[in-house]
Amino acid sequence: MYYSCLTVICDAEFSEILMAEISEVGFDTFMETDHGFEAYVEMENYDKTLLEAVKGKYSQQTTLSFSINRIEKQNWNEEWEKNYEPIIVDDRCLIRADFHNIEKKYPYEIIITPKMSFGTGHHQTTYLMIKNQLEIDHQNKRVMDAGCGTSILSVMAAKLGAREVEAFDIDEWSVSNGAENIEVNGCSDVIHQQLGKLSDFTFEGKFDIILANINKNVLLDEMELYKNLLQPNGLLLLSGFYISDIADLLREANPLYLQEVRRDEKETWAALLLQLR
């Protein structure tokens, strides 16, 4: 049997949404690469017109390359496992899949099977978020995870002692995958997960910590919403943007009394910790 393999080269911030869009075209197996991802489907069982429409839509927003090849059937799980390595954050948190056997023990361990969802710890922004969470007191805190993806940040918050985590994502696949990761990490009693975007929900009470690893435009659009949902002196941890974007984010945050506590960088990516004063 043969498969169609779609190779997508794109900016990292567009990988998640492109995978979601391409899954609607008919592709059902995905594997992340250094420059984007590969998508697979049996034979040519996908809608070529819809695929071209997806390419046209996102080519206007980012540099994008699609290429299709026919390949023989493979053991996708075996291929994926060969390319998925565990991640160690700051020598304190091990992020691994359930098939990894790691003898060394770390203070925190998170099991993540990402499937199509963004947030394995491999991307610089997820790494930065986890690294900064390790420096924040989560004990008995109420936390929001906006755009939760695999729910890795929610799980980290729960393991750091949060009493309650509200998590949500606009991607149905992410919510399904996140639920699996929440359960396998034993955090179901702490994390409440929903499908939708921030403006869809009404929350009773405010949050001590808000986590948002999304793209720059969404962060700018939702900055005031985050501010309105934070307790006085509450913390807002942001990533999903480049170092060069920091000035724009602070320009939006400062008039809202969200002041910079610290910033962190990894390669070209950045994280910002803000506090409501």
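A.B. asks: Describe the packing of helix α1 (residues 15–25) against helix α2 (residues 48–59), naming the residues involved and giving the relevant values.
C.D. replies: Helix-helix packing: each pair is described by the crossing angle between the helix axes and the interaxial distance. Taken N-terminus to C-terminus, the directions of α1 and α2 make an angle of 160°; their axes are 9 Å apart at the nearest point. By the angle between their directions, the pair α1 and α2 is classed as roughly antiparallel. α1 and α2 meet at a crossing whose hand is right-handed. In this structure, α1 contributes I17, L18, E21, I22 and V25 to the contact, and α2 contributes L50, L51, V54, K57 and Y58. Grouping the amino acids of the contact of α1 with α2 by side-chain chemistry returns 8 nonpolar, no polar and 2 charged.

A.B. asks: Explain the sheet that holds strand β2 (residues 29–33) to me, using residue names and the numbers behind them.
C.D. replies: Ordered in space as β2-β3-β1-β4, the 4 strands form an open sheet in which the pairing is antiparallel. Of all the strands in the sheet, just β2 and β4 (65–72) have a single pairing partner and so form its edges. Neighbour-to-neighbour, the strand axes of this sheet turn through a mean angle of 20°, independent of strand direction. Summarising the sheet, strand β1 (residues 2–9) and strand β3 (residues 36–42) pair through 7 bridges and their orientation is antiparallel.

A.B. asks: Account for the pairing of strand β14 (residues 269–276), with residues named and values stated.
C.D. replies: When you tally the buried positions in β14, you get 8 out of 8 residues, the bulk of the element. Neither face of β14 is open: one carries W269, A271, L273 and Q275, the other A270, L272, L274 and L276, and all of them are buried. In the sheet, strand β12 (residues 230–242) pairs with β14 via 7 bridges, with the strands oriented antiparallel. Directly across from S239, in β14, lies its bridge partner A271. Here strand β13 (residues 258–266) pairs with β14 via 8 bridges, running antiparallel. Residue E265 lies in a different strand from β14, and its bridge partner there is A270.

A.B. asks: An account of the sheet that holds strand β5 (residues 87–89) is requested, with residue identities and associated values reported.
C.D. replies: Strand order in the open sheet formed by 3 strands is β5-β6-β7, with mixed pairing between adjacent strands. Edge strands, defined here as strands with exactly one partner in the open sheet, are β5 and β7 (108–111). Adjacent strand axes in the sheet meet at a mean angle of 20°, parallel and antiparallel pairs treated alike. In this fold helix α5 (residues 152–159) packs onto β6 (93–96) and β7, with an angle of close to 145° to the strand it touches most, β7.

A.B. asks: Let's hear about the environment of A271: which residues, and what values?
C.D. replies: Examined against the element boundaries, A271 turns out to sit in strand β14. Given a relative accessible area of 2%, A271 falls into the buried group. Residues contacting A271, with those up to four places away along its chain left out, are L128, N132, L238, S239, F241, R262, R263 and D264.

Criteria and cut-off values
Residues numbered from 1 in each chain as written. Predicted model: local features only at pLDDT ≥ 70, side-chain atom pairs only at ≥ 80, totals over all residues. Heavy atoms only, no water. Axes fitted to C-alpha atoms, helices over the stretch in contact; angles between N-to-C directions. Helix = DSSP H or I, 4+ residues; strand = E, 2+ residues; numbered from the N terminus. Parallel < 35°, antiparallel > 145°, perpendicular 65-115°, else oblique. Left-handed = near helix turned anticlockwise from the far one by under 90°. Contact = heavy atoms within 4.5 Å. Nonpolar A, V, L, I, M, F, W, Y, C, P; charged D, E, K, R; others polar. Pairing = 2+ DSSP bridges. Buried < 20%, exposed > 50% of the residue type's maximum accessible area, 1.4 Å probe, protein only.

Read these as geometric descriptors, not functional statements.
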